[in-house]
Amino acid sequence: MEKEITINFEVIANYDHLTDIEKTLFDKAKTVRAQAYAPYSNFWVGCAVLLENGEIITGSNQENAAYPSGLCAERTTIFWTSANFPGVKIKKLFVIGAPKEALTSTPIPPCGSCRQSILEYESKQKEGIEIYFASLDGEIYKTKSIRDLLPFSFDASYL
Ligand code: THU
């Protein structure tokens, strides 16, 4: 028997449709992208998260000559967040990625490993993390939970 899974996402046509705090998060993700360390792929990614206490944490991808030792912008950001603000809920996560010199781009969703890592913190805090992945120009895809990007997800409930 075949079954279907429905995932929900919203397409936000442009920057003007964002709230003020969302605009700030978009701006910070775009700005911090310029500080990526990505000499091997030349693909520069910036991330910004909003915490329930109003703090905004940013990060970028960090590559390594031993390629697998590098880390994506999302995990750099959420690991630092959890290390420094344990127990403080993450409300929103913005990510913007594109080749270094790109002037336009398309929205880039978090990779599979980042989805799994974000899921860990979402499960821990028992509250959805809104994910926004955006183009440089401000076209934005939004999900209310990382679970929409990771159907059939594996979490601690199976252990
Ligand atoms: N990258 C991210 O930072 N986030 C993603 O979700 C996708 C990929 C980085 C990893 C690597 O430094 C570069 O983009 C090319 O894969």
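Residues numbered from 1 in each chain as written. Predicted model: local features only at pLDDT ≥ 70, side-chain atom pairs only at ≥ 80, totals over all residues. Heavy atoms only, no water.

Draft legend 1. Molecular detail of the site of the ligand. Around the ligand, the neighbouring residues are S41, F43, V45, N61, E63, C72, A73, E74, P109, P110 and C111. N61 has a polar side-chain atom sitting 2.9 Å from an oxygen atom of the ligand. Compared with its free state, where it exposes 370 Å², the ligand has 75% of that area covered by protein. Its residues placed into classes, the shell around the ligand shows seven nonpolar, two polar and two charged. (Near = heavy atom within 4 Å. Polar contact = N/O pair within 3.5 Å; in protein donor to acceptor, adjacent residues only side chain to side chain. Areas by Shrake-Rupley, 256 points an atom, 1.4 Å probe, with all protein chains shown as cover. Nonpolar A, V, L, I, M, F, W, Y, C, P; charged D, E, K, R; others polar.)

Draft legend 2. Representation of the UniProt feature "binding site: Zn(2+)" (unreviewed entry) in the chain in the model. Taken from the UniProt record, the annotation "binding site: Zn(2+)" (unreviewed entry) applies to C72, C111 and C114. Annotated residues spanning 43 residues; largest pairwise C-alpha distance 8.4 Å, indicating a single compact cluster. Tracing the backbone shows C111 in the loop between β4 (90-99) and α3 (112-125). In this fold, C114 is placed in helix α3. (UniProt positions renumbered as here; feature names shortened; annotations may be inferred. Helix = DSSP H or I, 4+ residues; strand = E, 2+ residues; numbered from the N terminus.)

Draft legend 3. Quick look at a nonpolar patch on the surface. A contiguous nonpolar patch, built from I5, I7, F9, V11 and F152 and spanning about 550 Å² of accessible area, is present on the exposed surface. As for its placement among the helices and strands, V11 is situated in strand β1 (residues 10-12). Under the relative-accessibility criterion, V11 is labelled partly exposed at 44%. (Patch = residues over 30% accessible without salt bridge, like charges linked within 9 Å, V, L, I, M, F, W, Y side chains within 5 Å. Salt bridge = Lys/Arg side-chain N within 4 Å of Asp/Glu carboxyl O. Buried < 20%, exposed > 50% of the residue type's maximum accessible area, 1.4 Å probe, protein only.)

Draft legend 4. Quick peek at the pairing of strand β3 (residues 56-60). Looking at chain direction, strand β2 (residues 43-51) and β3 are connected through five bridges and run antiparallel. Paired with G46 across the strands is S60, a residue of β3. Here β2 hands over to β3 after four residues, with G54 in that stretch at a positive phi of 90 degrees. (Pairing = 2+ DSSP bridges.)

Draft legend 5. Structural view of the packing of aromatic side chains. Under the counting rule described, the total for this entry stands at seven aromatic pairs. Plain terms: the ring middles of Y40 and Y67 are 5.6 Å apart, the flat faces sit at 40 degrees to each other, and that makes the pair tilted. Taken together, the residues Y40 in the loop between α1 (20-33) and β2 and Y67 in the loop between β3 and α2 (73-84) connect sequence positions 27 residues apart. Exposure remark for Y67: the relative accessible area of 59% places this residue in the exposed category. Measuring from ring centre to ring centre gives 6.4 Å for F79 and Y121, while their planes differ by 65 degrees; the resulting arrangement is edge-to-face. With F79 in helix α2 and Y121 in helix α3, this pair connects stretches of sequence that are 42 residues apart. Here a set of aromatic residues connected by ring pairs shows up, and it is made of F9, F133 and Y141. (Phe/Tyr/Trp six-rings, centres within 6.5 Å; stacked < 30°, edge-to-face > 60°.)

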